[in-house]
Amino acid sequence: MYIRRTSTSSNKDQYTYRLVETERVNGKVKQRTLLNLGRHFEIPKSEWKALAGRISQIISSQARIIASRCSKDTLLPESTYHAIDPDSLELVRPRCVGVEHLALHAISHLGLDKKLKELSFNQHQLGASLGNIIARMAFPASERATHQWLQQRSGLGELIHYNLKSIKKGGDGY
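Computed from a predicted model, the values in this text were never measured in an experiment.

What counts and what doesn't
Residues numbered from 1 in each chain as written. Predicted model: local features only at pLDDT ≥ 70, side-chain atom pairs only at ≥ 80, totals over all residues. Heavy atoms only, no water. Pairing = 2+ DSSP bridges. Helix = DSSP H or I, 4+ residues; strand = E, 2+ residues; numbered from the N terminus. Axes fitted to C-alpha atoms, helices over the stretch in contact; angles between N-to-C directions. Buried < 20%, exposed > 50% of the residue type's maximum accessible area, 1.4 Å probe, protein only. Left-handed = near helix turned anticlockwise from the far one by under 90°. Contact = heavy atoms within 4.5 Å. Nonpolar A, V, L, I, M, F, W, Y, C, P; charged D, E, K, R; others polar. 1 Å grid on protein atoms, 1.4 Å probe; cavity = no way out; pocket = protein on both sides within 12 Å on 5 of 7 lines; lining within 4 Å. Points joined across faces, edges and corners; volume = space filled by probe spheres on them. Core = buried A, V, L, I, M, F, W, Y, C linked by side-chain atoms within 4.5 Å. Phe/Tyr/Trp six-rings, centres within 6.5 Å; stacked < 30°, edge-to-face > 60°.

(A) Here's a closer look at the sheet that holds strand 3 (residues 28-38). The antiparallel open sheet is built from three strands, whose spatial order is 1-2-3. Single-partner strands in this sheet number two, and they are strand 1 (2-7) and strand 3. Ignoring which end each strand starts from, the neighbouring axes of this sheet average 45° apart. Both strand 2 (residues 15-25) and strand 3 contribute to a ladder of nine bridges, which runs antiparallel. Each bridged residue has a counterpart across the sheet, and for Y17 the counterpart in strand 3 is G38.

Next comes the structure, spelled out in structure tokens:
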């Protein structure tokens, strides 16, 4: 595994950088691009070998972990697998949780959740407060749009184990 600098076909003065692996296929040596590093790869050439070596170590250690966890004893019998057509899949209530999870982590790190509990917030008040705070962080909009976002697009309710649909628009908490 190594890093290769290649001139672009459109302009011979511009280069792209790629992480490349060499392998033998039917007795012939072939190079396979593992990762396109782009045009703005600014790591000095003197460090390329070390970087490629470290990436190789990480990949091989991950492969060992995967192999150890996927031993023949842990695999299910072939009769339990079912073929599916990806085009036939239908999303039902898709939700995002990434920014909500990050916001919950920040709230926990700051101790805000504990402070709200110390102030004797009940489950409903805590859910409404966290919903409002996180919605303002993740989806700053009007109160109506915030309520709609929490109910239809956010997975925050699942993360805090509270049914945000029980909060009524305008009165209870918003």
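(B) Quick look at unusual backbone geometry. With a phi angle near 55°, N26 is a residue other than glycine that sits in the positive phi range. For N26, the position within the fold is in the loop between strand 2 and strand 3. Judged by its relative accessible area of 78%, N26 is exposed.

(C) Here's a closer look at the packing of helix 2 (residues 98-110) against helix 4 (residues 123-138). Remark: helix 2 packs on helix 4, axes separated minimally by 10 Å, with the N-to-C direction vectors making an angle of 120°. Remark: the crossing between helix 2 and helix 4 carries right-handed chirality. Contact residues: V99, E100, A103, L104 and I107 in helix 2; L130, I133, I134, M137 and A138 in helix 4. Of the residues belonging to the contact of helix 2 with helix 4, the class tally is nine nonpolar, no polar and one charged.

(D) How the structure looks around the pairing of strand 2. The pairing of strand 1 with strand 2 spans six bridges and is antiparallel. Within the sheet, the bridge partner assigned to S7 lies in strand 2 and is Y15. If you look at the hairpin formed by strand 2 and strand 3, you'll find two residues sitting between the two strands, and N26 has a positive phi there, around 55°.

(E) Region of interest: the environment of I55. One can find I55 in helix 1 (residues 48-69). With 53 residues separating them along the chain, I55 and Y2 place their C-alpha atoms 9.6 Å apart. If sequence neighbours within four positions are ignored, I55 has contacts with M1 and L19.

(F) Structural detail: the layout of surface pockets. Taken as a whole, the largest pocket holds about 150 Å³ of empty space. Along the walls of the largest pocket sit L104, I107, S108, D113, K117, Q123, L126, G127, L130, L159 and I160, which together make up its complete lining. Listing elements by their share of the lining of the largest pocket, those giving two or more residues are helix 2, helix 3 (112-118), helix 4 and helix 6 (156-160). A per-element tally of the lining of the largest pocket places helix 4 first, with four residues. Of the residues contributing to the lining of the largest pocket, the split by class is six nonpolar, three polar and two charged.

(G) Structural view of the nonpolar core. Within the largest apolar cluster, 16 residues are counted, with the highest numbers of intra-cluster contacts made by L130, I134, L150, L156, I160 and L164. Contributions of two or more residues to this core are made by helix 2, helix 4, helix 5 (143-152) and helix 6. Of all hydrophobic cores here, the second largest spans six residues; its members include I3, L19, F41 and W48.

(H) Layout of the packing of aromatic side chains. For the coordinates displayed, the defined rule picks out four aromatic pairs. Look at F139 and W149: their rings are 5.6 Å apart centre to centre, the planes differ by 5°, and that puts the pair in the stacked class. Highlighted residues: F139 in the loop between helix 4 and helix 5 and W149 in helix 5, separated in sequence by 10 residues. Under the relative-accessibility criterion, F139 is labelled partly exposed at 25%.

(I) Highlighting the environment of I134. Relative to the assigned elements, I134 resides in helix 4. Contact partners of I134, with chain neighbours within four places excluded, come to E100, A103, L104, I107, F139 and L156.

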